[in-house]
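# Commentary on secondary and tertiary structure
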Amino acid sequence: MFELKLEKESLFLRVLEAILDLVDVASVDFFSTGLRLQAVDTEHVAVISLFFRAEEFPHYSCEENSSFCIPIDDMVKAIRTADVDHNITIKVDDENFDTITLSFESPEGNITTAYDLRLVEGERPCFKIPVWKDLESNYEAFVEMPSVEFMRVCRYLSNVDDDGEISVTEEGLKFFALGKSGRAMIKYEKTEKATVKLQMQESVSVTFDPKYMNCFAKVSTMFSQVKICLSKTQPLMVECKTALKSYIRCFVTPKAIPEIEEEEIIQGHSSERTRKTKD
Amino acid sequence: MFELKLEKESLFLRVLEAILDLVDVASVDFFSTGLRLQAVDTEHVAVISLFFRAEEFPHYSCEENSSFCIPIDDMVKAIRTADVDHNITIKVDDENFDTITLSFESPEGNITTAYDLRLVEGERPCFKIPVWKDLESNYEAFVEMPSVEFMRVCRYLSNVDDDGEISVTEEGLKFFALGKSGRAMIKYEKTEKATVKLQMQESVSVTFDPKYMNCFAKVSTMFSQVKICLSKTQPLMVECKTALKSYIRCFVTPKAIPEIEEEEIIQGHSSERTRKTKD
Amino acid sequence: MFELKLEKESLFLRVLEAILDLVDVASVDFFSTGLRLQAVDTEHVAVISLFFRAEEFPHYSCEENSSFCIPIDDMVKAIRTADVDHNITIKVDDENFDTITLSFESPEGNITTAYDLRLVEGERPCFKIPVWKDLESNYEAFVEMPSVEFMRVCRYLSNVDDDGEISVTEEGLKFFALGKSGRAMIKYEKTEKATVKLQMQESVSVTFDPKYMNCFAKVSTMFSQVKICLSKTQPLMVECKTALKSYIRCFVTPKAIPEIEEEEIIQGHSSERTRKTKD
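Residues numbered from 1 in each chain as written. Chains lettered and ligands numbered in written order. Predicted model: local features only at pLDDT ≥ 70, side-chain atom pairs only at ≥ 80, totals over all residues. Heavy atoms only, no water.

As a further point, take the overall build of chain A. Scanning chain A from terminus to terminus reveals six helices and 18 strands. By residue count, 53% of the 279 residues in chain A fall in the buried class. Split by element, the accessible area of chain A, about 13700 Å² in all, is 47% carbon and sulfur. (Helix = DSSP H or I, 4+ residues; strand = E, 2+ residues; numbered from the N terminus. Buried < 20%, exposed > 50% of the residue type's maximum accessible area, 1.4 Å probe, protein only. Areas by Shrake-Rupley, 256 points an atom, 1.4 Å probe, with all protein chains shown as cover.)

What follows is the structure, given as structure tokens:
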């Protein structure tokens with residue numbers, strides 16, 4: 001059906017490892033040009049969408065398009081046991097349609113290790129993630145920053161982690177988080193020679209849950225640059241790209257500002273936070 | 001109101017980090033000459049008292065004496081997120097009387113991070129810790145040892161951790177701990193060239209809970225020497241000093257030997273350990 | 001009664017540390033020629049049997065044969081607190097028959113640390129582990145491999161950890177594990193120059209619980225080679241030896257293949273796994 005080879009320290013595996021914090025099962029589509037992985041976190045707030053071109057792998061073959069639901073947590077755990085110099089092969093055979101096989105081969109070739117992992121049964125989740133051309137036109141502001149800088153921001157915000165906000169205005173870029181212990185604010189002034197590049201049609205401010213940023217930060221460490229796309233109507237998007245234009249996009253639904261109803265105020269309770277999916 | 005600057009790797013911050021095991025909120029008094037921090041652990045057995053002179057900080061200004069109750073756990077957590085080369089400023093403004101602001105500035109100056117942490121409300125705890133002249137006259141024996149040696153002792157005692165005892169006699173210094181699994185004993189003979197210096201008016205033996213020693217050991221790693229003061233009537237005191245005579249003093253109330261009442265023995269229960277505060 | 005000296009980084013202590021995962025109390029017999037330690041895990045599936053010759057220790061003296069039940073977990077914890085350059089003495093006195101004393105001496109000799117640990121009371125467990133000549137004749141197949149290779153196998157199997165199987169056949173050596181997430185298989189082809197040596201009278205296949213292999217793998221890291229002995233009637237044995245012919249042998253009872261009764265199948269339950277001790 002399909003077969004790909006890769007190294008233990010490959011970007012693809014490190015990205016899978018990073019997204020395990022949010023998702024453990026992913027829907028994967030294999031095309032002749034590459035593979036697409038999509039996954040949604042258990043709280044249905046974050047969506048991971050990844051496309052890796054065939055050229056990213058030392059070997060990639062896919063005779064016919066196929067789709068599987070893969071337990072990426074089991075897969076990553078199994079691959080962790082491989083030696084660094086092992087050649088790792090991942091494949092699904094026509095005969096064993098319900099199993100994904102990982103095999104490790106020692107450079108000498110006389111020792112073989114194989115894991116047969118059960119594919120996840122049932123309806124694979126379906127995401128309607130629009131292609132990029134569509135996406136770009138829907139976003140009003142774009143931030144590009146070194147991933148080192150993005151990680152620093154996530155580290156700051158993680159400390160005060162109840163409500164997060166990113167805003168891009170004429171003055172520059174601002175991150176803000178509010179928590180029980182206080183609030184955090186990081187400001188980047190718009191300067192010519194700044195490493196943080198801003199592009200905007202109009203001022204945008206997007207709320208989000210800071211906890212998702214930590215996973216995105218982890219993913220971003222594997223890339224040099226991060227692109228953040230902000231829109232008043234679309235989920236916040238964080239995108240990283242390889243030199244070969246493979247990409248991973250992390251979407252997070254904005255946090256709805258809780259609408260406190262009168263009755264609740266009277267009772268002295270704050271309303272439970274609700275989320276609105278804007279799609 | 002007051003403002004001080006410091007570096008991430010400063011002694012002051014490392015001391016705060018070390019005492020977090022015991023306390024999360026501290027009462028802090030700002031004077032023009034320096035700051036005093038006092039805190040008591042939740043079990044009311046250990047008291048931390050610290051005085052850091054203004055000269056210990058790259059910048060320190062305090063226009064009028066002021067006192068706050070500071071969430072040092074939140075403060076330390078926030079400062080942990082700072083970069084090593086950041087300039088850290090801590091201040092309370094006259095306008096925002098209920099907030100302590102931490103701000104980090106990158107060396108280039110175009111990125112600013114600020115945390116506004118809520119000060120702890122309510123009556124600040126009041127400790128009547130006598131000044132040093134008073135203290136010294138109340139103690140009967142003094143031990144000075146390299147903090148490396150003190151840490152070693154704490155490591156030994158932590159292993160058998162029910163009841164601790166320090167005693168200073170003509171023969172030398174003895175640490176002793178008794179636990180379920182057995183007992184531990186460390187003896188330092190009194191020799192001329194020993195790194196452990198003893199000074200005594202009379203033999204003193206003080207009981208303590210070994211778990212507090214671990215926190216004191218952590219604090220002591222930031223200093224080269226530790227002074228232990230023993231008294232039959234005062235809480236055990238462990239003191240460390242800087243070259244500028246700033247100090248941190250850790251007091252721990254002696255463990256009272258449980259007085260087992262007859263009734264309890266009959267019921268087959270051992271009495272709950274009680275503590276007597278000797279003040 | 002007996003006294004031995006050893007260094008903190010000695011093989012003996014590192015082996016004790018490794019077996020702590022399985023056992024916390026051990027029956028130890030002191031002979032003039034060396035000491036024998038035997039322990040069984042709480043589930044009564046694994047047995048550790050160790051014999052260390054007197055020559056392995058810098059000092060070893062045993063005037064008359066004696067047997068104790070030693071809390072090796074407390075002993076290892078206490079020894080962990082010793083400094084690397086300390087001389088460690090372990091002894092049981094004729095006077096303190098219920099206590100094992102560990103003492104650490106600094107090279108200068110002016111600081112002494114001593115732990116008195118309570119020996120475990122009660123009947124000491126009795127194992128009838130036959131001596132080696134007996135054992136060898138009862139096993140049908142033998143595998144010798146570098147411990148590095150054995151650890152790799154254990155790492156693979158630990159990932160899919162419900163049911164393990166080792167088999168030695170004419171084709172070579174095969175490890176197999178089956179779990180909820182799938183199955184793992186490692187094959188070593190029988191080649192002339194392989195680092196894995198096989199010796200067999202007939203094909204043998206032994207089931208085991210992979211979780212025990214991790215502890216054995218830990219033990220094996222202290223040795224260069226591992227010998228695995230397989231039999232249709234004896235517990236699986238993993239043996240490591242020192243240059244002086246001291247040894248540690250780990251036995252694990254084969255996992256019985258669950259006999260699913262009809263009634264249980266009807267009720268939709270799988271029977272609880274049972275173990276049969278073959279002795």
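Residue and element names in this part refer to chain A. On the surface, Glu63, Glu64, Asp94 and Glu95 cluster together to form a negatively charged patch. Assignment of secondary structure puts Asp94 in the loop between strand E7 (87-92) and strand E8 (99-105). Judged by its relative accessible area of 46%, Asp94 is partly exposed. (Patch = residues over 30% accessible without salt bridge, like charges linked within 9 Å, V, L, I, M, F, W, Y side chains within 5 Å. Salt bridge = Lys/Arg side-chain N within 4 Å of Asp/Glu carboxyl O. Lys, Arg positive; Asp, Glu negative; His and termini not counted. Charge placed at Lys NZ, Arg CZ, Asp CG, Glu CD.)

Take the interface of chain B and chain C next. At the junction of the two partners, chain B supplies 19 residues and chain C supplies 17 residues. At the boundary of chain B with chain C, total buried surface from both sides reaches about 1500 Å², with 41% on carbon and sulfur atoms. It is Tyr156, Asn159 and Ser181 of chain B in chain B that bury the most area against chain C; as a group they hold 35% of the surface buried on that side. Joining chain B to chain C, the criterion identifies three salt bridges. In this structure, Asp83 of chain C and Arg155 of chain B form a salt bridge, with 2.5 Å as the shortest nitrogen-oxygen distance. At the surface where chain B touches chain C, the tally comes to ten residue pairs in polar contact (both at pLDDT 80 or more). When residues of the side of chain B that touches chain C are traced back to their parent elements, those giving at least two are helix H4 (147-158) and strand E13 (182-189) of chain B. Of the residues forming the side of chain B that touches chain C, the biggest block, eight residues, is contributed by E13 of chain B. When its residues are assigned to classes, the side of chain B that touches chain C shows seven nonpolar, five polar and seven charged. Here seven bridges tie E13 of chain B to strand E9 (residues 111-118) of chain C, and the two strands are oriented antiparallel to one another. By the bridge assignment, Arg183 of chain B is partnered in E9 of chain C with Asp116 of chain C. (Contact = heavy atoms within 4.5 Å. Buried area = accessible area lost by both parts, 1.4 Å probe. Polar contact = N/O pair within 3.5 Å; in protein donor to acceptor, adjacent residues only side chain to side chain. Nonpolar A, V, L, I, M, F, W, Y, C, P; charged D, E, K, R; others polar. Pairing = 2+ DSSP bridges.)

This next bit is on the sheet that holds strand E14 (residues 197-200) of chain A. All names here are of chain A. The strand order across the open sheet formed by nine strands is E6-E2-E3-E4-E18-E17-E16-E10-E14, and the pairing between neighbours is antiparallel. Strands at the two margins of the open sheet, each flanked by one partner only, are strand E6 (66-71) and E14. Mean inter-strand twist for the sheet, computed between neighbouring axes without regard to direction, equals 15 degrees. Relative to strand E17 (residues 236-241), strand E16 (residues 225-230) runs antiparallel, the two being bridged by three bridges. Looking across to E17, one finds that Ile228 is bridged to Val238. (Axes fitted to C-alpha atoms, helices over the stretch in contact; angles between N-to-C directions.)

Least-squares fitting of chain A to chain B yields an RMSD of 0.0 Å, with the transformation described by 0.0 Å of translation along the axis and a rotation of 120 degrees. Expressed as an axis order, the relation between the two copies is that of a three-fold axis. Residue Asp21 of chain A of chain A places its C-alpha closer to the rotation axis than any other residue of that unit, at 16 Å. (Least-squares fit on C-alpha atoms with pLDDT ≥ 70 in both.)

Residue and element names in this part refer to chain B. The antiparallel open sheet is built from nine strands, whose spatial order is E6-E2-E3-E4-E18-E17-E16-E10-E14. Strand pairing shows two members of the sheet lacking a second neighbour, strand E6 (66-71) and strand E14 (197-200), which therefore form its edges. On average, each strand axis in the sheet is inclined to that of its neighbour by 15 degrees, with strand direction left out of account. With six bridges connecting them, strand E10 (residues 141-146) and strand E16 (residues 225-230) associate as antiparallel partners. Of the residues in E16, the one forming a bridge with Val143 is Ile228. Of the strands in this sheet, strand E2 (25-30), strand E3 (34-40) and E6 are in contact with helix H2 (residues 72-80), which crosses E6 at around 70 degrees. Packing of helix H5 (residues 210-220) onto the sheet brings it into contact with strand E4 (46-53), E16, strand E17 (236-241) and strand E18 (247-252), and relative to E18 it is tilted by some 170 degrees.

All names here are of chain A. Side chains of strand E5 (residues 59-62) alternate between two faces, with Tyr60 and Cys62 buried and His59 and Ser61 left unburied. In this sheet, E5 lies alongside strand E1 (residues 2-6) in antiparallel orientation, the contact comprising four bridges. Note that in E5 the partner of Leu4 across the bridge is Tyr60.

This brings us to the environment of Gly172 of chain C. Residues and elements named next belong to chain C. Residue placement: Gly172 occurs in strand E12 (residues 172-178). Gly172 sits 64 residues away from Glu108 along the chain, and the two C-alpha atoms are 56 Å apart. Excluding anything up to four places from it in sequence, Gly172 contacts Ser167, Tyr188, Lys190 and Leu198.

Turning our eyes to something else, we now look at the UniProt feature "domain: Proliferating cell nuclear antigen PCNA N-terminal" (unreviewed entry) in chain A. According to UniProt, the positions carrying the feature "domain: Proliferating cell nuclear antigen PCNA N-terminal" (unreviewed entry) are residues 1-120 of chain A. Helix makes up 15% of residues 1-120 of chain A and strand makes up 48%, while its end C-alpha atoms are separated by 17 Å. (UniProt positions renumbered as here; feature names shortened; annotations may be inferred.)

Once that is clear, we can look at the pattern of salt bridges. Residues and elements named next belong to chain A. In this structure the tally under the stated criterion is 33 salt bridges over all chains. Note that Lys218 is salt-bridged to Asp21, the shortest N-O span being 2.6 Å. Of this pair, Lys218 sits in helix H5 (residues 210-220) while Asp21 is found in the loop between helix H1 (11-19) and strand E2 (25-31), placing the two residues 197 residues apart along the sequence. Lys218 sits in the partly exposed class, given a relative accessible area of 39%.

What follows covers the confidence of the model for chain A. All names here are of chain A. The predicted model of chain A averages 84 in pLDDT, with 86% of residues at 70 or higher. Here residues 259-279 is modelled with pLDDT under 50, and outside its nearest four sequence neighbours on either side it reaches 28 contacts, counting other chains as well. As a predicted assembly, this complex carries a pTM of 0.80 together with an ipTM value of 0.74. (pLDDT = per-residue confidence, 0-100.)

This next bit is on the packing of aromatic side chains. A complete count under the given rule lists 33 aromatic pairs over all chains for this structure. Between Phe57 of chain B and Tyr60 of chain B, the ring centres sit 5.8 Å apart and the planes meet at 25 degrees, which makes this aromatic pair stacked. Note on accessibility: Phe57 of chain B and Tyr60 of chain B belong to one class, buried. Linked through ring pairs, Phe12, Phe52, Phe57 and Tyr60 of chain A together constitute an aromatic cluster. For the cation-ring pair, Arg249 of chain A lies above Tyr247 of chain A, with the distance from its terminal atom to the ring centre recorded as 3.7 Å. (Phe/Tyr/Trp six-rings, centres within 6.5 Å; stacked < 30°, edge-to-face > 60°. Lys NZ or Arg CZ within 6 Å of the ring centre and 35° of its normal.)

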